[in-house]
Amino acid sequence: MTDSSAAQQLQSRYGISDVLRFEAGPHGLLRAKVITPQAQAELYLHGAHVTHYQPRGEWPVLFLSAHSWFDAVKPIRGGVPIVFPWFGRLAGDASAPAHGFARLAEWRMESTAQAADGSVTLALRLGEADATHAAWPHEYELRYRISVGSTLEIALDVKNHGTRTISFEEALHTYLAVSDVRQVLISGLAGTQYLDKTDGARRRTQGTEPIRITKETDRVYLNTKTTCIVDDPAGDRRLVVEKSGSDVTVVWNPWIAKAHAMPDFGDTEWPRMLCIETGNAADHAVTLPPGRVHTMRATIRSAPR
Ligand code: BG6
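Residues numbered from 1 in each chain as written. Predicted model: local features only at pLDDT ≥ 70, side-chain atom pairs only at ≥ 80, totals over all residues. Heavy atoms only, no water.

### Comments concerning the sheet that holds strand 6 (residues 108–114)
Here is step 1: Read across the sheet, eight strands follow the order 6-7-8-9-22-18-17-13 without closing on themselves; strand pairing throughout is antiparallel. Looking along the sheet, the strands with just one partner apiece sit at the ends: strand 6 and strand 13 (185–187). Averaged over all pairs of adjacent strands, the angle between their axes in this sheet comes to 15°, without regard to strand direction.
Here is step 2: Relative to strand 9 (residues 152–160), strand 8 (residues 140–148) runs antiparallel, the two being bridged by nine bridges. Residue pairing for strand 9: serine 147 is matched across the bridge by glutamate 153. (Pairing = 2+ DSSP bridges. Helix = DSSP H or I, 4+ residues; strand = E, 2+ residues; numbered from the N terminus. Axes fitted to C-alpha atoms, helices over the stretch in contact; angles between N-to-C directions.)

In structure tokens form, the structure reads like this:
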């Protein structure tokens, strides 16, 4: 089937006239475009990857690199990659893809709907038959719901279909678009312990002041439940990340040298992004008994200062 006939099939089954359209994007990757009076968004079936969210009258809330590959065997750089079932490198297997396979897999559409308030919800699914069972030999099912309205709501369900307890890491690796990362102030993580990945995962404790980004920053904040607020004075807005079912918040900006080293990221793009990731990893990997479902949710919104 050609990319455009696959898009047409999706359109006839899941499209919503004037509001939700399916099409073949760069390199034929299938994507959904949402346009409502409240907001616009884009989502690729590759990785169930939200690449764009823009409430009406605002500039985009998510950063997307102009250098991203849009390649079926590589992750998209920016938006909201889904990290599952391991965070970062898989211990003991250097050949396993960083951040797991969910962001590399082709997800299936399950349903779409428009609510009375005008928001549009898309649901996608990934099961063990769809992904690399060899890399993670467990019986599981992922469901991802994206609701596009005056806020962006994303929720990842992991179901254990097997007979043994499973353990996994996960993240909704949100790339926020900021005017200048050197000027933002991040609040919501005061006094929290974190692993500093720029210093051999050394444990440190965050002070009481809001966080400023002054160098490469790669921190896994532990035992976090609170909302993070990114105050962006140059952008004259606050970006708010509220969450549930998540005990870890990752704060990442590659800064100059790492940006330069990443082939799918522009050398001068680092000031315009900041990842505030909603996750469960390290001390807070999820342990899920047979038959149970774990849900992690993030709600992202832009608010006036
Ligand atoms: C963050 C990690 O979550 O993702 C960083 O903490 C990593 O260590 C970053 O560099 C980007 O990862 P990737 O695999 O998308 O380049």
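### Describing the site of the ligand
Here is step 1: Near the ligand, the surroundings consist of Arg77, Phe87, Ala98, His99, Arg103, His173, Lys197, Asp218, Val250, Trp252, Lys258 and Glu277.
Here is step 2: Within the side chain of aspartate 218, one N or O atom sits 2.5 Å away from an oxygen atom of the ligand.
Here is step 3: Relative to its unbound accessible surface of 400 Å², the ligand loses 86% to contact with the protein.
Here is step 4: Partitioned by chemical class, the residues of the shell around the ligand number four nonpolar, two polar and six charged. (Near = heavy atom within 4 Å. Polar contact = N/O pair within 3.5 Å; in protein donor to acceptor, adjacent residues only side chain to side chain. Areas by Shrake-Rupley, 256 points an atom, 1.4 Å probe, with all protein chains shown as cover. Nonpolar A, V, L, I, M, F, W, Y, C, P; charged D, E, K, R; others polar.)

### Considerations on the nonpolar core
Here is step 1: Ranked by internal contacts, the top residues of the largest apolar core, which has 80 residues, are Trp107, Tyr144, Ile186 and Leu274.
Here is step 2: The element contributing the most residues to this core is strand 8, with five residues.
Here is step 3: Discounting residues that sit within four places of it in the chain, isoleucine 186 has contacts with Pro210, Ile211, Ile213, Cys228, Ile229, Val230, Val251, Leu274 and Ile276. (Core = buried A, V, L, I, M, F, W, Y, C linked by side-chain atoms within 4.5 Å. Buried < 20%, exposed > 50% of the residue type's maximum accessible area, 1.4 Å probe, protein only. Contact = heavy atoms within 4.5 Å.)

### A few points about the sheet that holds strand 2 (residues 30–35)
Here is step 1: Here we have four strands laid out as an open sheet, ordered 1-2-3-4, and antiparallel in their pairing. Each edge of the sheet is formed by a strand with only one pairing partner; in this case those strands are strand 1 (20–24) and strand 4 (49–55). For this sheet, the mean inter-axis angle between neighbouring strands, taken without regard to orientation, is 15°.
Here is step 2: The pairing of strand 2 with strand 3 (residues 39–44) spans five bridges and is classified as antiparallel. Bridge pairing in strand 3 places isoleucine 35 opposite glutamine 40.

### Notes on the confidence of the model for the chain
Here is step 1: When pLDDT is averaged along the chain, the result is 96; 100% of the residues meet or exceed 70.
Here is step 2: Averaged pLDDT values for the elements of the chain fall to 94 in helix 1 (residues 3–14) and rise to 99 in strand 12 (residues 175–177). (pLDDT = per-residue confidence, 0-100.)

### Brief notes about the pattern of salt bridges
Here is step 1: This model, assessed by the stated rule, comprises 20 salt bridges.
Here is step 2: Taking the shortest distance from any N to any O, the salt bridge between aspartate 199 and arginine 204 comes out at 2.3 Å.
Here is step 3: In this structure arginine 204 comes out as partly exposed when scored by relative accessible area, which is 30%.
Here is step 4: The closest approach of N and O atoms between arginine 203 and aspartate 283, which form a salt bridge, is 3.0 Å. Here the residue arginine 203 occupies a position in strand 15 (residues 202–205), and aspartate 283 occupies one in the loop between strand 20 (273–280) and strand 21 (286–288), the gap between them amounting to 80 residues.
Here is step 5: Owing to a relative accessible area of 44%, aspartate 283 belongs among the partly exposed residues under this scheme.
Here is step 6: Because the salt bridges share partners, they merge into one network encompassing Arg21, Glu23, Arg31, Lys33 and Glu42. (Salt bridge = Lys/Arg side-chain N within 4 Å of Asp/Glu carboxyl O.)

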